[in-house]
Each structure stands twice: as C-alpha cells, then as structure tokens.
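# Observations on the model geometry
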Amino acid sequence: MKKSIVLFIITCNFFIQVQSQNKSLTLWYNRPAKDWNEALPIGNGRLGAMIFGNVKDELIQLNEQTLWTGGPADLNPNPEAPKYLQPVRDALFKDSINAAVKLLHKVQGPNTQMYQPLGDILIHQILSGEATNYYRDLNITNATSTVKFTVDGVEYTREIFSSAPAQVIVIRLTSSKANALNFVVDVRHELQYQKSITADQELLLKGKARITNDERRTPKPFIYEDKDHNYGMRFQFRIKAVNKDGNIAHTDSSLIISNSSEVLLYISAATSFNGYNKSPDKDGIDENKKAINFLNAALKKNYVQLLAEHVKDYQQYFNRVDFSLANTVVPNIPVDERLKKYKEGNEDKALEILYYQFGRYLLISSSRPGGLPANLQGIWNKEIRPSWRSNYTTNINTQMNYWLAEQTNLSELTQPLIQQIQRWSVTGAATAKNYYNMHGWALHHNSDIWAQTNPVGEGSGDPKWANWALGSPWMSQHLFEHYRFTSDKKYLKDTAYPIMKSAALFCLDWLVEKDGYLITAPSTSPENVYIHPKGYKAAVTVASAMDMEIIWDLFTNIMEASTVLGIDKEFATLIKQKRDKLSPLKIGKKGNLVEWFGDWEDEDPQHRHVSHLFAAHPGREISPLTDTVFSNAAKKTLEIRGDGGTGWSKAWKINFWARLLDGNHSYKMYRELLKNSTLNNLFDTHPPFQIDGNFGATAGITEMLLQSQLNEIQLLPALPDAWGEGHIKGLVARGAFEIEMFWKSGKLTKAFITSKAGNICKLRTSENIAVRDVKINSVATVVNSQKQYIHTFNTTIGKTYELIVQ
Ligand code: FUC
C-alpha cells in the first residue's frame, strides 16, 4: 500500500516535470493563425507543411523540398565572358570604376530557379455552432502539432506530424463524442494542375512546375515548356482517408467524410526530380510510383505505430541538447502574447530557450541526410514567386543556415550541404573555366537545386551581389569544419580535401599581384557601397577585407588538413607562401577594421552585412585571445554598424559579440532579434520570413556558451549576466568533444567532457580546475589583464571526464 502511494507520488512528480518540460518547449496559441506568418511549420526534411489551425476551413499548405522551377543549369551560358576579365582589371587599376561595372555586366549569366509550393489541403469541417476552448500548438519535443476546440459540447482534435521514417504526413482527426466528425477534404494549387480520385479512393493533385523563373516585381506568364521541348518538373500529392467508423464518399475531386469518430489522413508526395544534372521531365523519376510506394507502406501502419517511429526518429537528434536556466518560469499564456510582452521589454528566459531549441527543431525538420540543404526558407514556402526565389544565397545566408549544426550536436544534418558542395564543385569547375578560364571551382552569390554557380544578373545585375565570386572558399570552410568537429580523417581525405584544394586552385588563379601583395580584382564586400574620397559611390573595388579573410581561411585550412593527413606538403608550402603575401587587414582612422581597399566611408554606415568581420566569425583570424589590435578594431566596427539590421544581420551580430567575448552585447542582440525580427510563429523575419536568422541565432547563443575555433575549448566564454545560473548538455566542441556544463553566479561550477575521438583535450578557463582521476597540465596566462588557465590532458575514446572547479 505504502509502496504504491510512493510510486504514485513519484509518477505524479515525473508527470508534472514532463508536462512542464513539454509546455516550455511548445509554441501554443488560443486562436487560429491570422496568416501564414502565424501558421506552424512541420517537416521531415523533404515534406513540409504550414498548419493554420482554422476551425471550419482548415488550411494546410504543403511543400516538397525538390520542387523547383527549371531544369539543369546551362554550364556555359556566356562564352564571351572570359575576354572581359582583363579589361575589368585594367579599368579597376586605372580607377575607372564605372567602366569596370559596365564590363562586369558582361560577365553575368542567367538568374537561378525558384523553390515552389506543393499545394494546399483544405479541410472543410461541418460544425453547427461556434468553437470554444480553442487551442493549437507545435510541440518541439516530439515534432507534433495539435489543434483542439469544442463545439456543442464535443471536443474535436487534429494531430499532425511529418514522419521521416514513413516519408508521409499524417493527420489524425478525432471527436470526443462518437460519430461527430463530418468534413470535406479538398486540394488546390496556383499553377496548372488536375485533381482526381484514384481507383484506391485517394484524392490526387498532379501538377507541373514552370520551366522558367521570374521576379515577384516583374512576373512573366507561366511557361511550362522551353524551346527545346523540355517540360518542367512533375509533382503530385495524394491523400488517403482511413476511418474507424462512419462513411467515406467522394465527389470527382474531393473526399467526404461523415459520421466518424476518428479519421486518419495519410499524405504522400513526390516530384520527378532525378538529380541536379538530369532533365526533371525527360529523365525524371516516376513520381507516381514514389508517392504510391510511400503511401502503401505507411498504410500498413496505424497511427500509434507511425507516431512512435516518428517521435523516436526525431528525438534521436532533438534530445541531444538540453538547455535550462535557473528561476525560469514558463508563463501560462500563448506564445504570441509572450512575444508581445517581450517586445514591450519584459523578461522571458523560457522564450529565449524555446527560440534556441526552435532553431534546432527547424534544422531537423528541413535538412535530412539524403536530401537538399535548407534554403532561404528552409523548406517552407507558399509563394510561386518567393522572395529571393527562396534559393541558396551564398554570400552569407546558406552558410548561416548551417552554423548551428555541428555545435548543437546535429552533425549528420550537414550532409545535405556537403553533398551540395560536391555538386557545386562540379558545376563550379565549368563556371571557373567558362567565365574566367581558371582552374578549380567557383561559386557566385546565388544557387539552386540545379547547383547553378555562374554570376547571375543577366547582364544588368548590380555587381555588388551578382559578381561576388568567393563562394567556393567560403563553402570549403564548412567542409573543413565538419572534420574539425568530428575528427573524421577518412572524410577529410576522401571528401573534403580534394574539393578544398580545387577551391584553392581557383583562388590562386583569381589572385593578382599588386604592389607586392596578392589581391582580388574585381572585388566587392557583399552588398555594401563605399564613398570614394574622390566623391563617387561604388561597390566594386579590389581586395575587400572579406575577400582576403575568406582566402586566408581556406589557405589556413588547407595547411592544417595537409598536416593532419600527412599529404600534399609541397602544395601546402605554396599555399603558405601565398597566404603570407595576401593583402593585409588594416585599421582605419575611426579605429575600425577597414572594409574596402582604402579606408573609405560607407554609403550606409549601418549596412546589414558586416562582411569584413568574417575573420572574427565564422572565421578565426581575429580573436581577442590571439590579438587585441584587430579584435578592438572589430569591436569598433560593430559599434559603428549599430545594433539594427535584418533578422539574419542581428543573428550574425550575436555571433560576433560572442566571439569578441562580450556576452552582454551578444545577449542584447538576441533580445533585439526577438523583439524586432521575430514573427508570431517564431520564424525569423528579414522581412519577410527568412530562416537564416533562426539558425544564426541558435549558433550565436551556442557561441556565448562554448567556443573552440582556436583549437582549444572555452567554457562559458561570453556568458551574459542575465543567464547567471544554468545548465547545458550536449554541445559539441572541435576535436569531437561533447560537453555538459553547470554554472552559478556567472561561474562554471561543474562540467563533463566526453571524448568522441580520443584527441588531446585543451581547455581554456577562467577558473583553475582539476579533472577527476586524471593528471592534467595547467598553465596560467593573462588575457586582457584577466587571469586564465590553459589545461591539457590525454583522453580515451568514449570516456567522460569530470571537471572539478577549484
Ligand atoms: C542577401 C542579403 C539580403 C537577403 C538576400 C536573400 O542578398 O543582402 O538582405 O538576405 O540575401
């Protein structure tokens, strides 16, 4: 008897804990979404949906990751391009910037293709009265969304998730009173489509993507076939209703469910996409078969089985990181109201944790092995002419999408990016050759599912974005970082190094010597404009700081990779010689880091891009730990740039301030992002919605808590005062170490380090520490007149080490 009471109390306690944990990681609301920016996203990497939660006319907007306009990129669309490079350089060296710009227009090519919506599902529920007790949520601990309301004393519930193991979206509709469910399921699309009912009573929507792209501002008529009779990508989604009781009937284009108590809707979808270099029409896969196979396999499972395998699959990623702050109360009000209060200046640490974990949720839901990288909107887009084509923008945005992946223990989810980089290294080799007659591979600022790499702009694009050419060295950083976090030498040797080397070959060709230095020409600093001392405004120059920093980063990584692998010594020596000759970083008259070739004023001193601080983040050339001259200049630059900007710009600034070890300013930027660049569904907004800010913020917060870019692990390097006491588990440091930390009054109190690769562990701490049962070597040092310690100790694979703070 006693035992069972104790058990009961323990169970209750546990339940309460689980409940509050769930609630703290749940976005919930007491009204349906007013618009798309309030709808809730689910996704399994490939299939995404935005759920509005309307009572009578539910709208579920669908996406399939591979549905894009167009077909394989033309790899030589501008055969005349190479002849303009030398004249561009000559013009630049003569300070004839206008002439250089005109010539650069001639070095452009087609714009990229656009990511497309898959269509809408409409569930028209027949209800006699008004709804009360309305509730809708997205629980990011199990990646499931629920809508609930009561009409005439009957509670109606809809649960929905997108399953990676089953590759379908599942919706369960239930009513608390038997046989009370009556609804019609319909579908629609903005493009040309047909809908029908199949022999298996599935509601099927089939459509075709356009073969051309256009702009929101200058829409072109829909074109489904090009001059060579290539059609655009085929796509479809199909819905099968399975009822526990009641009836399922249909018209010729909708499903009619009546008098049911429980109905499952299985949604399967596919496109004919068959790889970046194959026609999605003539060489497309059989999308019919693909969608049917997923559907038939899923139909063999019931809701409980599908949910269980979905949750297990999702949690294998999500549960790796647990973050909590002391004295955190989860207000019992909807997230939109919390956000409103936050915008008014209220504290809400639980919201800060929710947003942090939401970034991880979004990556798990939009970037899965075997799929494509998350685009500007992850996988969630309702527009047939989305902003910036919802493409891959590679002068900051695509990279920012992946900053969080390794450090928040989602290393596998970088695979889509790594595979896209492999494709870029192929198409980009053609671009390097066909546009510049150079070796290696080049990637400019925009790309798409077809791995297009040419400078876009079609002859009239502004070179400040169109002709930026350093995508290949920047993307190579992601290749090397995957190695640095995993210590996977086989991957480094077989996959990363050859592509990094090829990017370096492009850089070697791209650099020119001027006054004893190696410089880039043409050069831009995305997407800023300078005012030349002679009075003119321009964006094109030579040797922007960012160009030099990105190339420095790649060359440094090549040198390290060659040492680690014990290969290619001669090449590494050459690369070192070239690195030493790169045009150096400069300090300006305002104490700033110089962005341009000269210390010129900016047209917009608070421009959203802060490209020249690449060296501080995501690079590692500038750090207050290695040099205070440039890190102070970086700080000055940030002060001049201010704390505004688009969502992603604020997110980048969280990272910068953390790297400059100013946790309070980092935190300020986080608050700015939440206050001024966050939609009610917690999507980041540029505006409009752009997912990079979500991902970049999660990365930035992680940088506040853990850094390792200098090959030493810094615990709590930029902890803000507001987060004085807390705990985080599961972060990953370079060298393949998994970290758990506890802190109180702003100081580390305990930590556990698990060695995943058996590397030597090098730690930098402000406190003196010991490691339980391990002999460590500790050296005291002074940084910025503060005492610090560097500790080193050997580790064994799989072993966890306990740090004792003395
Ligand atoms: C870059 C930025 C814009 C926007 C676009 C997708 O061009 O300058 O602000 O984020 O990418």
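Since this is a predicted model, take the numbers as computed values, not measurements. (Residues numbered from 1 in each chain as written. Predicted model: local features only at pLDDT ≥ 70, side-chain atom pairs only at ≥ 80, totals over all residues. Heavy atoms only, no water.)

### Observations concerning the overall build of the protein
Per the secondary structure count, the protein includes 19 helices and 34 strands. Radius of gyration (C-alpha) of the protein: 27 Å, near the 28 Å computed for a compact globule of 806 residues. For the protein, the residues scored as buried account for 61% of the 806 residues in total. The contacts in the protein between residues at least 6 apart in sequence include a share of 71% that link residues at least 24 apart. Summing over all exposed atoms, the protein offers an accessible surface of approximately 29,600 Å²; the carbon and sulfur share of this is 51%. The distance from the centre of the 90 positive side-chain charges to the centre of the 83 negative ones in the protein is 3 Å. (Helix = DSSP H or I, 4+ residues; strand = E, 2+ residues; numbered from the N terminus. Rg over C-alpha atoms; globule rule 2.2 N^0.38 Å. Buried < 20%, exposed > 50% of the residue type's maximum accessible area, 1.4 Å probe, protein only. Contact = heavy atoms within 4.5 Å. Areas by Shrake-Rupley, 256 points an atom, 1.4 Å probe, with all protein chains shown as cover. Lys, Arg positive; Asp, Glu negative; His and termini not counted. Charge placed at Lys NZ, Arg CZ, Asp CG, Glu CD.)

### A look at the packing of aromatic side chains
Applying the stated criterion across every chain, the model contains 33 aromatic pairs. Ring geometry for Trp 380 against Phe 683: centres 6.2 Å apart, planes inclined by 45°, an arrangement best described as tilted. Here the residue Trp 380 occupies a position in the loop between α7 (349-366) and β18 (392-393), and Phe 683 occupies one in the loop between α18 (663-676) and α19 (692-705), the gap between them amounting to 303 residues. Accessibility expressed as a relative area gives 0% for Trp 380, which makes it buried. By relative accessible area, which is 0% here, Phe 683 ends up buried. Connected via pairs of aromatic rings, a cluster forms that spans Trp 36, Tyr 314, Phe 318, Phe 358, Tyr 361, Trp 380, Phe 683 and Phe 689. The aromatic ring of Trp 28 is capped on one face by Lys 23, whose charged end is 4.6 Å from the ring centroid. The ring of Tyr 231 has Lys 208 lying over it, and the distance from NZ or CZ to the ring centre is 4.7 Å. (Phe/Tyr/Trp six-rings, centres within 6.5 Å; stacked < 30°, edge-to-face > 60°. Lys NZ or Arg CZ within 6 Å of the ring centre and 35° of its normal.)

### Brief notes about helix α10 (residues 415-436)
Helix length check: α10 (22 residues) gives 30 Å between terminal C-alpha atoms against 32 Å at 1.5 Å per residue, within 8%. Its axis deflected by about 30° at Thr 427, α10 carries its strongest bend there. The element α10 is largely enclosed, with a buried count of 16 among its 22 residues. One or two residues past the end of α10 sits Asn 437, with phi positive at roughly 60°. (Expected span 1.5 Å × (residues − 1). Bend = angle between axes of the 7 residues up to and from the residue.)

### Observations regarding the pairing of strand β17 (residues 322-325)
By the alternation rule, side chains of β17 split into Phe 323 and Leu 325, which are all buried, and Asp 322 and Ser 324, of which none is buried. Where β17 meets strand β27 (residues 726-733), 4 bridges bridge the pair, whose relative direction is antiparallel. Looking across to β27, one finds that Asp 322 is bridged to Lys 729. (Pairing = 2+ DSSP bridges.)

### A look at the nonpolar core
With 221 residues, the main nonpolar core has Leu 27, Ile 140, Ile 239, Phe 323, Tyr 670, Leu 715 and Met 741 as its most contacted residues. In this structure, Phe 323 is in contact with Ile 353, Tyr 356, Gln 357, Ile 701, Leu 705, Trp 723, His 727, Ile 728 and Trp 743, ignoring residues within four places of it in sequence. Within the second largest apolar cluster, 10 residues are counted, among which are Phe 161, Ala 166, Leu 295 and Leu 306. (Core = buried A, V, L, I, M, F, W, Y, C linked by side-chain atoms within 4.5 Å.)

### Comments concerning the site of the ligand
The environment of the ligand is made up of Leu 376, Trp 388, Thr 393, Asn 397, Glu 527, Arg 608, His 609, Trp 648, His 686 and Gln 690. A distance of 2.8 Å is found between an oxygen atom of the ligand and a side-chain nitrogen or oxygen belonging to Arg 608. His 686 is positioned such that a nitrogen or oxygen atom in its side chain is 2.6 Å from an oxygen atom of the ligand. Of the residues in the shell around the ligand, the class split is 3 nonpolar, 5 polar and 2 charged. (Near = heavy atom within 4 Å. Polar contact = N/O pair within 3.5 Å; in protein donor to acceptor, adjacent residues only side chain to side chain. Nonpolar A, V, L, I, M, F, W, Y, C, P; charged D, E, K, R; others polar.)

### What to know about the side chain of Glu 406
For Glu 406, the location among the structural elements is in helix α9 (residues 403-407). The buried charged residue Glu 406 lacks any salt bridge partner; its closest oppositely charged side chain belongs to Lys 756, at an N-O distance of 8.0 Å. A polar side-chain atom of Glu 406 sits 2.9 Å from a polar atom in the side chain of Ser 411. A polar atom in the side chain of Glu 406 sits 2.6 Å from the side chain of His 482. If near-sequence neighbours (up to four positions away) are discounted, Glu 406 is found in contact with Ser 411, Thr 414, His 482, Phe 485, Thr 486 and Val 732. (Salt bridge = Lys/Arg side-chain N within 4 Å of Asp/Glu carboxyl O.)

### Quick word on the side chain of Glu 159
As for its position among the elements, Glu 159 is in strand β8 (residues 154-163). Setting aside anything within four residues of it in sequence, one finds Glu 159 in contact with Ser 145, Thr 146, Val 170, Ile 171, Arg 172 and Tyr 303.

### Here's the deal with unusual backbone geometry
Put simply, Pro 526 and Glu 527 share a cis peptide bond, and its omega is -25°. Along the polypeptide, Glu 527 turns up in the loop between β21 (517-520) and β22 (530-531). Backbone torsion omega between His 617 and Pro 618 reads 5°, so that peptide bond is classified as cis. By the secondary structure assignment, Pro 618 is in the loop between β24 (601-602) and α16 (628-641). Positive phi is not limited to glycine here, since Asn 437 has a value of about 60°. Looking at the element boundaries, Asn 437 is found in the loop between α10 and β19 (446-447). Residue classification places Asn 437 among the exposed positions, given a relative accessible area of 57%. With a phi angle near 65°, Leu 661 is a residue other than glycine that sits in the positive phi range. As for its placement among the helices and strands, Leu 661 is situated in the loop between α17 (647-659) and α18. With a relative accessible area of 27%, Leu 661 lands in the partly exposed category.

### A look at helix α3 (residues 97-105)
Residues that lie three or four places apart on an α-helix share one face, since the helix turns once every 3.6 residues. Along α3, the residues classified as buried are Ile 97, Ala 100, Leu 103 and Leu 104. All buried residues of α3 lie within an arc of 120° about the axis, which places them on one face of the element. Facing away from the buried side of α3 by over 90 degrees, the exposed positions are Asn 98 and Lys 102. The inward-facing, buried residues of α3 abut α2 (85-93), α11 (463-466), β22 and β23 (537-538). (Arc of directions from axis to C-beta.)

### Considering the confidence of the model for the protein
Considering every residue of the protein, the mean pLDDT works out to 96; 97% of them sit at 70 or more. Note on residues 1-21: pLDDT under 50 across the span, and 2 contacts to partners over four residues away in sequence or across chains. (pLDDT = per-residue confidence, 0-100.)

### With respect to the sheet that holds strand β32 (residues 777-783)
With mixed pairing, the 5 strands of this open sheet are ordered in space as β25-β26-β30-β33-β32. Two strands in the sheet have a free side with no partner beyond their single neighbour: β25 (706-707) and β32. Strand direction decides the pairing type here: β32 and strand β33 (residues 786-793), joined by 7 bridges, are antiparallel. Bridging from a neighbouring strand, Val 783 pairs with Gln 786 of β33.

### Comments concerning the pattern of salt bridges
What the rule picks out here adds up to 49 salt bridges. The salt bridge involving Lys 340 is made with Glu 344; its shortest N-O contact spans 3.4 Å. Overall, the relative accessible area of 55% leaves Glu 344 in the exposed class. Here Asp 568 ties to Lys 501 by a salt bridge, and the two come within 2.8 Å at their closest N and O atoms. In this pair, Asp 568 sits in the loop between α14 (545-565) and α15 (569-580) while Lys 501 sits in helix α13 (residues 489-510), placing the two residues 67 residues apart along the sequence.

### Points about the sheet that holds β27
If you trace the 6 strands from one edge of the open sheet to the other, you get β17-β27-β28-β29-β34-β31, paired in antiparallel fashion. Edge positions in the sheet fall to β17 and β31 (769-771), since each of these pairs with one other strand and no more. Strand-to-strand twist in this sheet, taken as the mean axis angle between neighbours without regard to direction, amounts to 20°. Two elements, strand β28 (residues 737-744) and strand β29 (residues 747-755), share 8 bridges in a ladder whose sense is antiparallel. Considered in β29, the bridge of Phe 742 is made with Lys 750. Docked against the sheet, α7 engages β17 and β27, running at close to 165° with respect to β17. (Axes fitted to C-alpha atoms, helices over the stretch in contact; angles between N-to-C directions.)

### Quick word on the packing of α10 against α13
As a packed pair, α10 and α13 sit with axes 11 Å apart at the nearest point and diverge in direction by 25°. Relative to α13, the element α10 lies roughly parallel. In this structure, α10 crosses over α13, and the sense of that crossing is left-handed. Taken together, the residues of α13 that come into contact with α10 (itself represented by Ile 418, Ile 421, Gln 422, Ser 425, Ala 432 and Tyr 436) are Tyr 491, Thr 495, Ile 499, Phe 506 and Trp 510. (Parallel < 35°, antiparallel > 145°, perpendicular 65-115°, else oblique. Left-handed = near helix turned anticlockwise from the far one by under 90°.)

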